[in-house]
Amino acid sequence: MTLQLGDTAPDFEADTTLGTIRFHEWLGDSWGVLFSHPKDYTPVCTTELGYTAKLKNEFAQRNTQVIGLSVDALGDHHGWIEDIEATQGARPDFPMIADADRKVSTLYGMLHPNASATTTVRSVFIIDPQKKVRLTITYPASTGRNFNEILRVLDSLQLTDQHQVATPVNWVPGDDVIIVPSVSDEEARQRFPEGWDEQRPYLRVVKQPQ
Ligand code: BEZ
């Protein structure tokens, strides 16, 4: 069954480069990014994991833990980490799941047999502190992901969870946002006393709340 937004992220126990973890316990009160890559010792994945390692502080600032997965064995993961550090200039110090029995990749629908009979596709799941799935993206093996986009979605989710706003097309932090339609003008006046730009009754643009 396909995991959908709002579903509870399935819990699991798995062997990782940082030892055995129980997923929900490991997440604790943090946000989580769970992502799969097709195979160890492959070029695109090497660049993705190096870049993710460089974003360590960015994820920490967003109270977010990152965890990777491939269907290769732990020994391969450990050897590959050395290569990632040597070629990308950053060492992944987040856990990488060795999913040789395909338990986690099956739970999360990361195996797309018509795309690859043996390897996972590039799936991304953002999971909130209530363990709900808040974003799913699936990329083909030949296309490296944009991890800046994952940070941007985390920023949007964390902002919109806190305020009654949504973020418009191509929004980046600091840009104006939109008052959600379920907020009446009366309530909006309380929440946004400095006012808003009413382009249409349903399109009310306001400065990003701090
Ligand atoms: C890669 O990570 O480079 C890759 C993996 C599978 C297919 C194509 C590219």
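Chemist: Can you break down the site of the ligand residue by residue, with the values?
Modeler: Within the structure, the ligand sits among Pro38, Thr42, Pro43, Val44, Cys45, Arg122 and Ala141. Separating an oxygen atom of the ligand from a backbone N or O atom of Val44 is a distance of 2.6 Å. Interatomic distance of 3.0 Å between a backbone N/O atom of Cys45 and an oxygen atom of the ligand. Per-element accounting of the shell around the ligand gives the leading share, three residues, to helix H2 (residues 43-54).

Chemist: Explain unusual backbone geometry residue by residue, including any values.
Modeler: Even without a glycine there, the phi angle at Asn63 is positive, about 50°. Residue Arg102 is not a glycine yet carries a positive backbone phi of 60°. Structurally, Arg102 is set in the loop between strand E5 (96-98) and helix H5 (103-107). Judged by relative accessible area, which is 27%, Arg102 ranks as partly exposed.

Chemist: Help me get a handle on the nonpolar core, residues and values and all.
Modeler: Core analysis: the largest hydrophobic core is formed by 24 residues, its most contacted members being Val33, Phe35, Leu49, Phe59, Phe94, Ile126 and Ile150. If you list the elements that add at least two residues to this core, you get strand E3 (31-36), H2, helix H4 (74-88), strand E6 (122-127) and helix H6 (147-162). At six residues, H6 tops the list of elements feeding residues into this core. Setting aside chain neighbours within four positions, we find Phe59 in contact with Val33, Thr52, Thr64, Val66, Ile150, Leu151 and Leu154.

Chemist: Provide a residue-level description of the packing of aromatic side chains, including the pertinent values.
Modeler: Applying the stated criterion across every chain yields a total of eight aromatic pairs. The interplanar angle of 15° and the centroid separation of 4.6 Å between the aromatic rings of Phe12 and Phe23 together place this pair among those described as stacked. One end of the pair, Phe12, is in the segment before strand E1 (13-16); the other, Phe23, is in helix H1 (residues 23-27), and eleven residues separate them in sequence. Classification of Phe12 by relative accessible area gives buried; the value is 2%. With 6.1 Å between their ring centres and 55° between their planes, Phe35 and Phe94 make a pair best called tilted. One end of the pair, Phe35, is in strand E3; the other, Phe94, is in the loop between H4 and E5, with 59 residues separating them in the sequence. Each of the two residues, Phe35 as well as Phe94, counts as buried. Here the aromatic residues Phe12, Phe23, Trp26, Tyr108 and Phe125 are joined through ring pairs into a cluster of three or more.

Criteria and cut-off values
Residues numbered from 1 in each chain as written. Predicted model: local features only at pLDDT ≥ 70, side-chain atom pairs only at ≥ 80, totals over all residues. Heavy atoms only, no water. Near = heavy atom within 4 Å. Polar contact = N/O pair within 3.5 Å; in protein donor to acceptor, adjacent residues only side chain to side chain. Helix = DSSP H or I, 4+ residues; strand = E, 2+ residues; numbered from the N terminus. Buried < 20%, exposed > 50% of the residue type's maximum accessible area, 1.4 Å probe, protein only. Core = buried A, V, L, I, M, F, W, Y, C linked by side-chain atoms within 4.5 Å. Contact = heavy atoms within 4.5 Å. Phe/Tyr/Trp six-rings, centres within 6.5 Å; stacked < 30°, edge-to-face > 60°.

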